[in-house]
Structure formats: structure tokens, C-alpha cells
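Remarks on the overall topology
Letter by letter, the chains look like this.
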Amino acid sequence: MTDDAAVPDLRASDADRERVAEVLRDALAEGRLDMAEFEERLEQTYRARTYGELAPITRDLPAAGVAPAVSLRKEPVPEGGWAGRIGGGEGSSSWAVAVLSGFQRKGRWIVPRRFTAVAFWGGGEIDLREADFAAGEVEINCVAVMGGIQIVVPPGVEVVVRGIGIMGGFDQRETGVVGEPGAPRVVVSGFAFWGGVGVERKLSRAARRQAKLERKDRKAAMRELQSDFRDDVQDAHRRMLDGHRDLMREHREQRREHRERRRERRYED
């Protein structure tokens, strides 16, 4: 772990958590961690919010040359989380073709200003959830002939679908969803003949794991609140019963004293 001490309070991204998770997987494969340690540290990784929380997780693992070094040093970006993902280069690739086969573009890659995808009796997947973008607006031109192309975008990205389908179609469900401030705009264009181009919005794997852990935290907190409430109710019930017993005891004492006074008066008469 390097360069993390200077920015311990800086918020960590999904990509930062994934880099730490990759180091843990390598350590598990090399026998440096057993399964219980791996699961415990992986859970800590996806719970982490800042670099300061991520840093201790791999601190006792080997440095560069033996296992991948993980640097958590990152300068704050002035315009929110999307600013660091736009304008990051010219594009990792500008086209993909599947003829009686398939293709994938996913993980960390740079989406160019214009990307062309062709599927002829085949299929392709274009996943933008962990991608960077060469510009604030990118165009994905799809040609699907008796094939299919699936485009996956992360929450917050604006999608505009302009493709034409003949005995085929372009998925319009994500069109019109307002994007987040500073987020890129993805224009899906092209032609589909006896084929289809789908667009879906999904969280990244790291974000899904984090959301799952947060739900577990909420459930645990709710269970704790319910347990506290039951304890409070039981305590109140016990106090009520104790008070009732005290009243009954006082009532019996008063009745006994009253009988004794009547008996004494009878003897005096």
C-alpha cells in the first residue's frame, strides 16, 4: 500500500475497492491468506468509504515485485465523481466485430468519441460501467444483422437512442432518463435487421456488493432496534408487575392491620 497516508479522508471509488479486492484474491491464491481471512478482509474492503479505511487491509501483504502494489493516492477532482472519468484519452479501441462469434468490451477501458460495433449472426457486449470517456458525449454506432448487441451503462449516464430497426429493434427504455450533473451522454445509433440492440442500466459489481453490505447493515441495525424495543417493553412489563405486587402487598398489610384493630376493639368491649 503506497501514498495513502497523505489523503486518509478522501473518499474511495469503486475502482479503488476493486484494486484492493484483486490484491486479496492474489494473496488467497498464493496461500498468504486463508479463506476466513480473505472473506473478512473482502467484506472490510467493500464496506470502506475512505482511503484511510482501505489502507490497513493490505498493509501486511508483500509490496511490488511479489504482489501487485496498490496505490490509493488520488487528487480530488473539482467537479464531482464524473470529472475524473471524462477526457481521459483517445479511446482504447474504436470498433468491434462479431461474425458467427461474439465480442466484449468491459472493465477499465476508454470509450472513444465514436465507437462502431457490428454483429452478424453473432453477439456483442459493450459495458460502460467501469469505463472512462474520451469526451462528454460519445456515440456508439451499432449494426446488428441477425445478431444482437447489448450496451450496459451505469446509473447517472444520459442515454439517447437513435437507431433504426427493420424486423428488429433498438431498446428505448433508457431514453429520457435524466443524467447526473457532469455525467457523460451516450448516443446509440445504427441499424438492426432481424436483430436487436439492447440498453440496460446496472450498478457495477463493486457497487452491488457495497449496496448488499449496506442492506445487511440496515437489517442488523433494525434487528438491534427491535431487540432493544422488546427489552424496553419487557422491562416496563416487569416494572408494572413489580408495582402491582407492591400494591397488593400493601393492600394485604392494610387489611391485616384493619382486622387486628377490629379484634382489639372487640376485646376492649
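Structural notes, computed from the coordinates. These figures come from a predicted structure and were not determined experimentally. The residue numbers shown here count from 1 along each chain, following its written sequence. Per-residue local features of the predicted model are confined to residues with pLDDT of at least 70, and side-chain atom pairs are confined, for both listing and counting, to 80 or more; whole-chain, interface and lining totals are unaffected and use all residues. Excluding hydrogens and water, the side-chain figures rest on all heavy atoms present in the structure.

A look at the nonpolar core
In plain terms, the rule: Buried Ala, Val, Leu, Ile, Met, Phe, Trp, Tyr and Cys residues form a nonpolar core when they are joined through side-chain atoms within 4.5 Å. Relative accessibility under 20% of the residue-type maximum defines a buried residue, over 50% an exposed one, and the middle range a partly exposed one, all with a 1.4 Å probe and only protein chains included. By definition, any uninterrupted DSSP run of H or I lasting at least four residues is a helix, any uninterrupted run of E lasting at least two residues is a strand, and each is numbered from the N terminus. Throughout, a contact is declared for two residues whenever any of their heavy atoms are within 4.5 Å.
Core analysis: the biggest nonpolar cluster contains 30 residues, and Ile126, Leu128, Ile151 and Val188 have the highest contact counts within it. Elements represented by at least two residues in this core include exactly β1 (95–99), β4 (114–120), β7 (137–145), β8 (148–153), β9 (158–161), β12 (185–193) and β13 (196–201). Not counting residues up to four positions away in its chain, the partners in contact with isoleucine 151 are Ile126, Leu128, Ile140, Cys142, Val188, Val197, Gly198, Val199 and Glu200. Counting 15 residues, the second-largest nonpolar core is a separate cluster that includes Ala12, Val20, Leu24 and Ala27.

Here we look at a nonpolar patch on the surface
Keep this limit in mind: Patch membership requires over 30% relative accessible area and the absence of a salt bridge. Like charges are linked within 9 Å, and nonpolar side chains (Val, Leu, Ile, Met, Phe, Trp, Tyr) within 5 Å. Here, Shrake-Rupley sampling with a 1.4 Å probe gives the accessible areas, and only protein chains in the shown set may cover a residue. Salt-bridge detection follows one rule: a side-chain nitrogen of Lys or Arg within 4 Å of a carboxyl oxygen of Asp or Glu.
Residues Trp95, Val97, Val99, Leu100, Phe120 and Trp121 make up a contiguous nonpolar surface patch of about 660 Å² in total accessible area. With three residues, the single largest contributor to the nonpolar patch is β1. Relative to the elements of secondary structure, tryptophan 95 occurs in strand β1. Among the residues examined, tryptophan 95 registers a relative accessible area of 55% and is labelled exposed.

Examining the environment of glycine 136
Mapped onto the elements of the fold, glycine 136 is located in the loop between β6 (132–133) and β7. A relative accessible area of 39% means that glycine 136 is categorised as partly exposed. Residues glycine 136 and arginine 185, spaced 49 residues apart in sequence, show a C-alpha to C-alpha distance of 6.2 Å.

Considerations on helix α1 (residues 14–29)
Where we set the bar: In this analysis, the expected span of each helix is defined as 1.5 Å times one less than the number of residues it contains.
Its 16 residues give α1 an end-to-end C-alpha distance of 23 Å, which sits within 8% of 22 Å, the value for a rise of 1.5 Å per residue. Of the residues making up α1, those classed as buried are Asp16, Arg17, Glu18, Val20, Ala21, Val23, Leu24 and Ala27. Downstream of α1 by one or two residues, glycine 31 has phi in the positive range, about 85°.

Topic: the pattern of salt bridges
Taken as a whole, this structure holds twelve salt bridges when the rule is applied. In this structure, aspartate 132 engages arginine 108 in a salt bridge whose closest nitrogen and oxygen atoms are separated by 3.7 Å. Note that aspartate 132 is positioned in strand β6 and arginine 108 in the loop between β2 (102–105) and β3 (110–111), a separation of 24 residues in sequence. Of the residues examined, aspartate 132 reaches a relative accessible area of 16% and is grouped as buried. The salt bridge involving aspartate 127 is made with arginine 129; its shortest N-O contact spans 2.7 Å. Given a relative accessible area of 15%, arginine 129 falls into the buried group.

Considering helix α2 (residues 35–47)
Defined as follows: Note: the arc covers the axis-to-C-beta directions of the helix. Throughout this description, a polar contact denotes any pair of N or O atoms lying within 3.5 Å of each other; where both atoms belong to protein, one of them has to be capable of donating a hydrogen while the other can accept it, and for residues adjacent in sequence the pair is counted only when both atoms sit in side chains.
Across its 13 residues, α2 extends 18 Å between first and last C-alpha, which sits within 8% of the 18 Å expected from 1.5 Å per residue. Within the sequence span of α2, burial applies to Phe38, Arg41, Leu42, Thr45 and Tyr46. Around the axis of α2, the buried residues are gathered within 135° of arc, so they sit on the same side. Its side-chain oxygen placed 3.3 Å from the backbone nitrogen of alanine 36, aspartate 34 serves as the N-cap of α2.

Brief notes about a positive patch on the surface
Selection rule: Charged residues are defined narrowly, with Lys and Arg counted positive, Asp and Glu counted negative, and His plus the chain ends left uncounted. All charge positions are set by atom: Lys at NZ, Arg at CZ, Asp at CG, Glu at CD.
A contiguous patch of positive charge, built from Arg255, Arg259, Arg261, Arg262, Arg263, Arg265 and Arg266, is present on the exposed surface. Examined against the element boundaries, arginine 265 turns out to sit in helix α4 (residues 205–268). On the accessibility criterion, arginine 265 (44% relative accessible area) is partly exposed.

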